[in-house]
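# Structural description and commentary
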Amino acid sequence: MTEDFVNTPAIQVLLDKATGQDSAEGNPRLKAILRDLLEATMRVIVRHDISENEFWAAASYIAGIGHEAGLVAPGVGLEHFLDLYMDAKDAEAGREGGTPRTIEGPLYVAGAPLVDGTGEVDLTSDPDDTGTLYMHGAIRGPGGEAVPNAIVHVWHANSQGWYSHFDPTREQTPFNNRRRIQLGDEGRYAFRSKMPNGYSVPPGGSADVLMQALGRHGNRPAHVHFFVEAPGYRTLTTQINFGDDPFAADDFAFGTREGLLPVPNRQGDSAHIAFDFVLQRAEEKEDEGFSTRQRFAAEPA
Ligand SMILES: [Fe+2]
């Protein structure tokens, strides 16, 4: 059987009916997208002669993904694809330069304490038997100018690779290793925190099951996540991955990007990273905001 089967009138009529093409009601964009998605799925079924058993196995896998969608999507490269696609559209529109964007990941929590960033900020609230990470740098605009009044949202894992609010050991207090740092006119930031470590997807979860079936691993290098927002500038979603981590060039989530791989200057068990963020100017108000992705939120501690 060839994929021509999908082109037969019976299947084309089925696709039209299934997606409400004969109805004036409903969402036209959704109808068009779902029709293409269904047709592509049907072609894959024919191309690989997918059996009924395999189809329902896939359906129950998808039904079980639940909150691990935030790990499966980066794991299969889709979240990175979105970055590449947005980069390509930016390039087409002549919007280039600045610190590269990279995946947000699923573990941001809104509501972290907003702290004054005129001095060095301590991100870590809890004891952690590990070294200290020191990070500092500037927030600049496209012309090298200092960006005033930026807010740097920082979040990272602890030395065990767990994030506060998502720690199965329940040992972390809320917002450990999470802060929003309010900067002043000079656009300079500095913080210290307990050294994060890389982590892997939860054993036995949907992302792990898929990675194993693909003969891959589910590890990320040690990294630190950022949103950088400032009036008049485009909000940046990015992260730095430790350039000397064994998984720096082999991140299961494809979050590692050129320009985001500083090698920490290690001194004993502590490390120093100097990293400047370069923002693009906002062209419209919407650029200053965040994507509407659903995020966890908690009350400030
Ligand atoms: Fe992360």
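Rules and cut-offs
Residues numbered from 1 in each chain as written. Predicted model: local features only at pLDDT ≥ 70, side-chain atom pairs only at ≥ 80, totals over all residues. Heavy atoms only, no water. Donors = N, O, S within 2.8 Å, 3.2 Å for Na, K, Ca; no water. Helix = DSSP H or I, 4+ residues; strand = E, 2+ residues; numbered from the N terminus. Buried < 20%, exposed > 50% of the residue type's maximum accessible area, 1.4 Å probe, protein only. Salt bridge = Lys/Arg side-chain N within 4 Å of Asp/Glu carboxyl O. Axes fitted to C-alpha atoms, helices over the stretch in contact; angles between N-to-C directions. Parallel < 35°, antiparallel > 145°, perpendicular 65-115°, else oblique. Contact = heavy atoms within 4.5 Å. Nonpolar A, V, L, I, M, F, W, Y, C, P; charged D, E, K, R; others polar. Pairing = 2+ DSSP bridges. Patch = residues over 30% accessible without salt bridge, like charges linked within 9 Å, V, L, I, M, F, W, Y side chains within 5 Å. Areas by Shrake-Rupley, 256 points an atom, 1.4 Å probe, with all protein chains shown as cover. Left-handed = near helix turned anticlockwise from the far one by under 90°. Core = buried A, V, L, I, M, F, W, Y, C linked by side-chain atoms within 4.5 Å. Polar contact = N/O pair within 3.5 Å; in protein donor to acceptor, adjacent residues only side chain to side chain. Domains from an automatic or database assignment. Phe/Tyr/Trp six-rings, centres within 6.5 Å; stacked < 30°, edge-to-face > 60°. Arc of directions from axis to C-beta.

### Overview of the coordination of the iron ion
The coordination sphere of the iron ion, as far as protein atoms go, consists of Y163 (OH), Y199 (OH), H223 (NE2) and H225 (NE2), spread over 1.9 to 2.3 Å. Spacing between the donor residues of the iron ion along their common chain follows Y-x35-Y-x23-H-x1-H. You can see Y163 sitting in the loop between β5 (151-155) and β6 (178-182) and its partner H223 sitting in strand β10 (residues 223-229), a full 60 residues away along the chain. Each member of the pair, Y163 as well as H223, is classed as buried.

### Considerations on the pattern of salt bridges
A complete count under the given rule lists 20 salt bridges for this structure. Among the ionic pairs, D16 bridges to R35, the shortest N-O distance being 2.7 Å. Placement of the pair is D16 in helix α2 (residues 9-18) and R35 in helix α3 (residues 28-47), with a sequence separation of 19 residues. Given the relative accessible area of 14%, R35 is considered buried. The shortest N-O distance in the salt bridge between K17 and D22 comes to 3.3 Å. Taking the relative accessible area as the measure of exposure, D22 reaches 55% and is therefore exposed. Salt bridges here are not isolated pairs; linked through shared partners, they connect D87, D90, R101, R234 and R257.

### Focus on the packing of helix α4 (residues 52-65) against helix α7 (residues 206-213)
Between α4 and α7, the least distance of the axes is 9 Å, while the angle of their chain directions is 140°. It follows from the interaxial angle that α4 and α7 lie oblique. When α4 is examined against α7, the residues Y61, G64 and I65 are found in contact with a partner set consisting of S206, A207, V209 and L210. Residues that form the contact of α4 with α7 fall into these classes: five nonpolar, two polar and no charged.

### Observations regarding the pairing of strand β7 (residues 188-194)
Side chains Y189, F191 and S193 project from β7 onto a buried face, and the interleaved R188, A190, R192 and K194 project onto a face without burial. Pairing between strand β3 (residues 121-122) and β7: two bridges, direction parallel. Looking across to β7, one finds that V121 is bridged to F191. For strand β4 (residues 132-140) and β7, the ladder comprises seven bridges, and the chain directions are antiparallel. Among the inter-strand pairings, M135 is bridged to a residue of β7, identified as F191.

### Considerations on a nonpolar patch on the surface
Taken together, the side chains of V76, L78, F81, L82, Y85 and M86 define a hydrophobic patch exposed on the protein surface, amounting to about 570 Å² of accessible area. Residue placement: V76 occurs in the loop between α5 (69-75) and α6 (78-92). For V76, a relative accessible area of 41% corresponds to the partly exposed category.

### Concerning the packing of α2 against α3
One way to put it is that α2 packs onto α3 with a least axis distance of 9 Å and a crossing angle of 145°. When the axes of α2 and α3 are compared, the crossing they make is right-handed. Residues I11, Q12, L14, L15 and D16 of α2 form the contact with α3, whose participating residues are R35, L38, E39 and M42. Taken together, the residues that form the contact of α2 with α3 break down as five nonpolar, one polar and three charged.

### Let's talk about the nonpolar core
Formed by 29 residues in total, the largest nonpolar core has its most connected members in I139, F191 and F226. Beyond its immediate sequence surroundings of up to four residues, F226 is in contact with M135, V152, H153, V154, W155, F191, L236, T237, T238, Q239, I240 and F277. Counting nine residues, the second largest nonpolar core, distinct from the first, contains V72, V201, A207 and F252.

### Quick look at the side chain of N158
Along the chain, the position of N158 falls in the loop between β5 and β6. Taking the relative accessible area as the measure of exposure, N158 reaches 8% and is therefore buried. Within the structure, the side chain of N158 is placed 2.9 Å from the backbone nitrogen of Q160, a separation counted as a polar contact. Each residue touching N158, except ones within four places of it in the same chain, is listed here: D128, D167, Q172, N177, M195, P196 and N197.

### Section: the domain arrangement of the chain
Annotation of the chain at the domain level lists domain 1 (3-50) and domain 2 (71-297). Here domain 1 and domain 2 have C-alpha centroids that lie 39 Å from each other.

### So, the packing of aromatic side chains
Applying the stated criterion across every chain yields a total of 13 aromatic pairs. Ring geometry for F227 versus F290: centroids 5.0 Å apart, planes at 75°, classification edge-to-face. Within this pair, whereas F227 is found in strand β10, its partner F290 is found in the loop between β14 (277-278) and β15 (296-297), the two being separated by 63 residues in sequence. F227 sits in the buried class, given a relative accessible area of 0%.

### Some thoughts on α2
If you check which residues of α2 are buried, you get I11, Q12 and L15. For α2, the arc enclosing every buried residue in end-on projection is 100°, short of the 170-degree limit, so these residues lie on one face. Projecting away from the buried face of α2 at angles above 90 degrees are the exposed residues P9, A10 and K17. Summarising the contacts, the buried residues of α2 are in contact with α1 (4-7) and α3. Two residues or fewer past α2, G20 is found with a positive phi of approximately 65°.

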